[in-house]
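Given next are the chains, with one letter for each unit.
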Amino acid sequence: MSANPRGTILVIEDNLVNRRVLQAKLTGAGYACICREGGPEALELLRGEAGAGIDLVLLDVMMPGMDGLDVLRRIREVRPRVELPVIMTTSLDQTADVVRALDAGANDYVAKPIDLAVLLSRLATHLDLKRVHAELRASHRSLVEAAKMESVALLAAGVAHEIRNPLAQIKMGLDALEEAGNGDGDTAGGRGQLTALMRQSVERADGIVRGLMAAAANQKLKTAPGQVNEVVEETWNLVSEDFTKRGVLGRFDLGRSLPAVAYDRSEMRRVLLHIFLNAAQAMEQGGEIAVTTRQEKAAGLAASEGARGAGHLRNGAPAVAISISDEGPGATDEVLERMFEPFFTTRAAGSGIGLGLSVVRKLMELHGGAVQVQNRTERSGLTVKLLLPTSRLGFL
Ligand SMILES: Nc1ncnc2c1ncn2[C@@H]1O[C@H](COP(=O)(O)OP(=O)(O)OP(=O)(O)O)[C@@H](O)[C@H]1O
Ligand SMILES: [Mg+2]
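Since we're looking at a predicted model, the values are computed, not measured.

Reading guide: rules and limits
Residue numbers restart at each chain and count upward from 1, following the sequence in its written direction. All chains are assigned letters beginning with A, and all ligands numbers beginning with 1, in the order in which they are written. Whole-chain, interface and lining totals are the exception, using all residues; otherwise, since this is a predicted model, local features are given only for residues with pLDDT of at least 70 and side-chain atom pairs are given and counted only at 80 or more. In computing side-chain values, all of the structure's heavy atoms are included and hydrogens and water are not. To qualify as a nonpolar core, a set must consist of buried Ala, Val, Leu, Ile, Met, Phe, Trp, Tyr and Cys residues joined through side-chain atoms within 4.5 Å. Here the term buried applies to any residue with accessible area under 20% of the maximum for its type, exposed to any over 50%, and partly exposed to those in between, with areas from a 1.4 Å probe on protein chains only. Throughout, a contact is declared for two residues whenever any of their heavy atoms are within 4.5 Å. A helix here means a DSSP run of H or I that spans at least four residues, while a strand means a run of E at least two residues long, and both kinds are numbered starting from the N terminus. Directions are taken from the helix axis to each C-beta atom, and the arc is the one they span. In this scheme, strands are said to pair when DSSP sees at least two bridges between them. A fitted line through C-alpha atoms represents every axis, and for helices the fit uses only the stretch in contact; the resulting angles, taken between N-to-C directions, go from 0 to 180 degrees.

(A) Summary view of the nonpolar core. Ranked by internal contacts, the top residues of the largest apolar core, which has 41 residues, are Met268, Ile289, Ile322, Ile324 and Leu386. Ile322 has contacts with Val228, Val232, Met268, Leu272, Val291, Thr292, Thr293, Val384, Lys385 and Leu386, leaving out every residue within four places of it along the chain. In terms of nonpolar packing, the next biggest core, distinct from the first, is built from 21 residues, Val61, Leu72, Leu84 and Ala104 among them.

(B) Quick look at helix H4 (residues 95-103). Listed as buried for H4 are Asp97, Val98 and Ala101. For H4, the buried positions fall inside an angular range of 105° around the axis, keeping them on one side. Of the exposed residues in H4, those oriented more than 90 degrees away from the buried face are Thr95, Ala96, Val99 and Asp103. Against the buried residues of H4 lie helix H3 (68-78), strand E4 (86-91) and strand E5 (108-112).

(C) Looking closely at the sheet that holds strand E3 (residues 56-60). What the five strands build is an open sheet, ordered E2-E1-E3-E4-E5; its pairing is parallel. Single-partner strands in this sheet number two, and they are strand E2 (32-36) and E5. Recorded for the sheet is a direction-independent mean angle of 20° between the axes of neighbouring strands. Lying on the sheet, helix H5 (residues 116-181) is in contact with strand E1 (8-12), E3, E4 and E5; it crosses E5 at an angle near 170°.

Below, the structure is given as structure tokens:
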């Protein structure tokens, strides 16, 4: 998304005077404006990192070299109409071009010489459409996730319950084997290795079962008012020794005198544990996990977000935020979009089941809060922000 709240417009126009005029008008109307003289430069910009910040393109049809229609087709190869609206600017005698441009994926056109009022109203319309489309997409996603989660819950509750008992039996068997193996000379070594392997497998199966049960549980939270800093520190203490061995260190910047929030201590510990583990796993060579806690107003929540939780957090509502940033590679757009899906994982087969973040989201929503994820901007890495509403205390 663009850094400018009104939006960032890319103007592609070969005529210097027109460029200057448009830039002045758009900036005057509160938009951020980037200009490019021709197609190739504009396409290069769109492909680069700055390209993601462009909200709309204003594209001249008639240009020397690569003309507007060619540029448009190239843009459409990678960015669909709903994602990056393109408005063509055309002279009055170019009706045929207008039709061709609309066919090739232009969203709209304005006639030259450009009438400022018309241009601004078209810009507003297309930026609105784009925003509405993004919201619909997000809410569709979250409905799909909810549905998947519900079917997972049904299946998991049954399966997990059934598997737990045999697992417990196997564990007992292993204990017995290990005890019997003690002091058995040569064979004990081989057997010890075998039992260790078996124990690993059993533990993994047990972990999956517990993950499933957590995902399935229709938890009633046991909330009590408290300071988030406490559960942050407490959870970190559970992992810090193991993390230190792996070269993963924590840096804490915990807000003083934060308002109390209502939370379920053991569930929030589970949430933080998942996030800490993901962060550490993202840094194979080690690195720093930066944790901050702050009081702030919720922002950037999609309309649908948290809609499943009771009394969910809305933009502008007061909240306490726990942000966890790692120094890993961050996540691609595809992963960002899918990471909350149950069973979505990019880890090697056998090492992750992809339930961590879906459990996190579910638990945060049960708390009336939310979880937000974004790549860091100042360096590579991912930031996960957990928001807990402060207003809920009123209901206690
Ligand atoms: N800190 C992070 N940096 C980069 N990618 C991440 C990070 N945290 C999560 N991801 C991505 O999101 C995916 C889903 O995470 P999630 O915690 O739900 O499942 P998982 O870690 O793969 O498995 P598990 O069920 O063991 O937690 C991960 O496989 C990874 O691709
Ligand atoms: Mg995980």
